[in-house]
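Structure assessment
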Amino acid sequence: MPQRRAITGRSQEPRARFAEELRLLRHRRGVSLRGVAEVVGWDASQFGKLENGHTLGGPEIVEALDQYYGTGGMLLTLWELAVADPTQFKERYRRYMVLEAEAVSMWHYATSNLPGVLQTPEYAAELLKAGGLAGAELEAQVAARVGRRELLLAPDGPQFRTILSEAVLRSPLSDRSEWRAQLSHLAAMGQRTNVIIQVLPCSAGLHGLTNTDVMFLRGPGGRTVAWVETGYAGELVQETTTVDQLQLRYDRVRDTALSPGESREFIERMLEEAPCEPSI
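Residues numbered from 1 in each chain as written. Predicted model: local features only at pLDDT ≥ 70, side-chain atom pairs only at ≥ 80, totals over all residues. Heavy atoms only, no water.

**Focus on the overall build of the chain**
Our working definition: In this description a helix means any DSSP run of H or I spanning at least four residues, a strand means any run of E spanning at least two, and both kinds are numbered starting from the N terminus. Under the scheme applied here, a residue whose accessible area is under 20% of the maximum for its type counts as buried, over 50% as exposed, and between as partly exposed, the area being computed with a 1.4 Å probe on protein chains only. We call two residues in contact whenever any of their non-hydrogen atoms come within 4.5 Å of each other. Each accessible area value is a Shrake-Rupley result obtained with a 1.4 Å probe; residue values ignore everything except the protein chains displayed when judging cover.
In terms of helices and strands, the chain carries 13 helices and six strands. Taking all 280 residues of the chain together, the buried fraction comes to 44%. Within the chain, contacts between residues separated by at least 24 positions form 68% of all contacts whose residues are at least 6 apart in sequence. For the chain, the computed accessible surface area is about 15,100 Å², with 50% contributed by carbon and sulfur atoms.

Structure (structure tokens):
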């Protein structure tokens, strides 16, 4: 079947289309960026970045623009499509993101950081800042990670299991309240029927994935691929023998991890132990 021809002549890429609609709406209204900022309340430079496609911003600013332009939620819909678009990720992640979106089940092991689909925006921002991101690029990548969380929240979301090294839960955010919010979010996600969270205690010792984050994606056709990542590089593994070898290592790690129930209790204890902000 031939590809459908664009009727409007505008971009069919979600991120570009979002920026185009913002520019078009403002030009139709006949106002400057400063004029929008005076009414809506954000800095004019932020609206310029949105219209140039340098950032996607967050849902609050998009909802405010929907109200200002009277677009009845259209901009928020375009924003949701844009943050879920795999093309916004760096080239090496794009094929993985497509496979992730199609997966019927996902199995994950984390050495030191929470998986992106379980991160709060604050956790994602601090982690990405530590990796050197800043400004518009940081905002775009945080928004992209927030969009990935919807994958597990969908009614037909994939079955997801993550095994978290205890080190993940012993590496708090710099802000105490944000760390408590992340732990609370983790505990809440663990209550979902399609999410299983296990903790691998440090006492388990060395194992075959000690220095390797890995995600296994099982597609609708039954084929499984693996994404293997270090702090500096990632690789999509598709060769069956290599995937099977990684799967065997994963299974052995899972055998030594706490059960889902024990892991839930572990996270709840971490939440109880997490310091609260001092009273003023």
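**So, a negative patch on the surface**
We count it as follows: Surface patches are defined over residues having more than 30% relative accessible area and no salt bridge, joining like charges when they lie within 9 Å and nonpolar side chains (Val, Leu, Ile, Met, Phe, Trp, Tyr) when within 5 Å. In what follows, salt bridge is the name for a side-chain nitrogen of Lys or Arg lying within 4 Å of a carboxyl oxygen of Asp or Glu. Just so you know, the count uses Lys and Arg for positive and Asp and Glu for negative, and it drops His and the chain ends. In plain terms, the charge of a residue is placed at NZ if it is Lys, CZ if Arg, CG if Asp and CD if Glu.
Side chains of Glu-262, Glu-265, Glu-268, Glu-272 and Glu-273 sit close together on the surface and give a patch of like negative charge. Considering the arrangement of structural elements, one finds Glu-272 in helix 13 (residues 260-273). The class of Glu-272 is exposed, set by a relative accessible area of 67%.

**Description of the environment of Arg-145**
Within the secondary structure, Arg-145 sits in helix 8 (residues 135-148). As a C-alpha pair, Arg-145 and Leu-118 span 27 residues in sequence and 9.1 Å in three-dimensional space. Beyond its immediate sequence surroundings of up to four residues, Arg-145 is in contact with Gly-116, Gln-119, Ala-124, Leu-127 and Leu-128.

**Thoughts on the sheet that holds strand 5 (residues 224-229)**
Note on sheets: strands pair through backbone hydrogen bonds, and any given pair is parallel or antiparallel. Note the threshold: Paired strands, in this sense, are two strands between which DSSP finds at least two bridges. Axes, fitted as lines to C-alpha atoms, cover a helix only where it is in contact. Angles between the N-to-C directions of the axes lie from 0 to 180 degrees.
Spatially, the six strands line up as an open sheet ordered 3-2-1-4-5-6, and their pairing is mixed. Only two strands of the sheet have a single neighbouring strand rather than two, namely strand 3 (195-200) and strand 6 (234-237). Recorded for the sheet is a direction-independent mean angle of 10° between the axes of neighbouring strands.

**Notes on the pattern of salt bridges**
For the structure shown, the criterion picks out five salt bridges. Here Glu-166 ties to Arg-170 by a salt bridge, and the two come within 3.1 Å at their closest N and O atoms. Given a relative accessible area of 13%, Glu-166 falls into the buried group. With a shortest N-O distance of 3.8 Å, Asp-251 and Arg-254 are connected by a salt bridge. Residue Asp-251 and its partner Arg-254 are located together in helix 12 (residues 240-256), separated by three residues, close to a single helical turn. Assessed through its relative accessible area of 26%, Asp-251 is described here as partly exposed. By relative accessible area, Arg-254 is classed as partly exposed at 31%.

**Thoughts on the environment of Pro-275**
Position of Pro-275 among the secondary structure elements: in the segment after helix 13. Spatially, the C-alpha atom of Pro-275 lies 8.3 Å from that of Ser-177, the residues being 98 residues apart in sequence. With near-sequence residues (within four places) excluded, Pro-275 lies in contact with Arg-176 and Arg-180.

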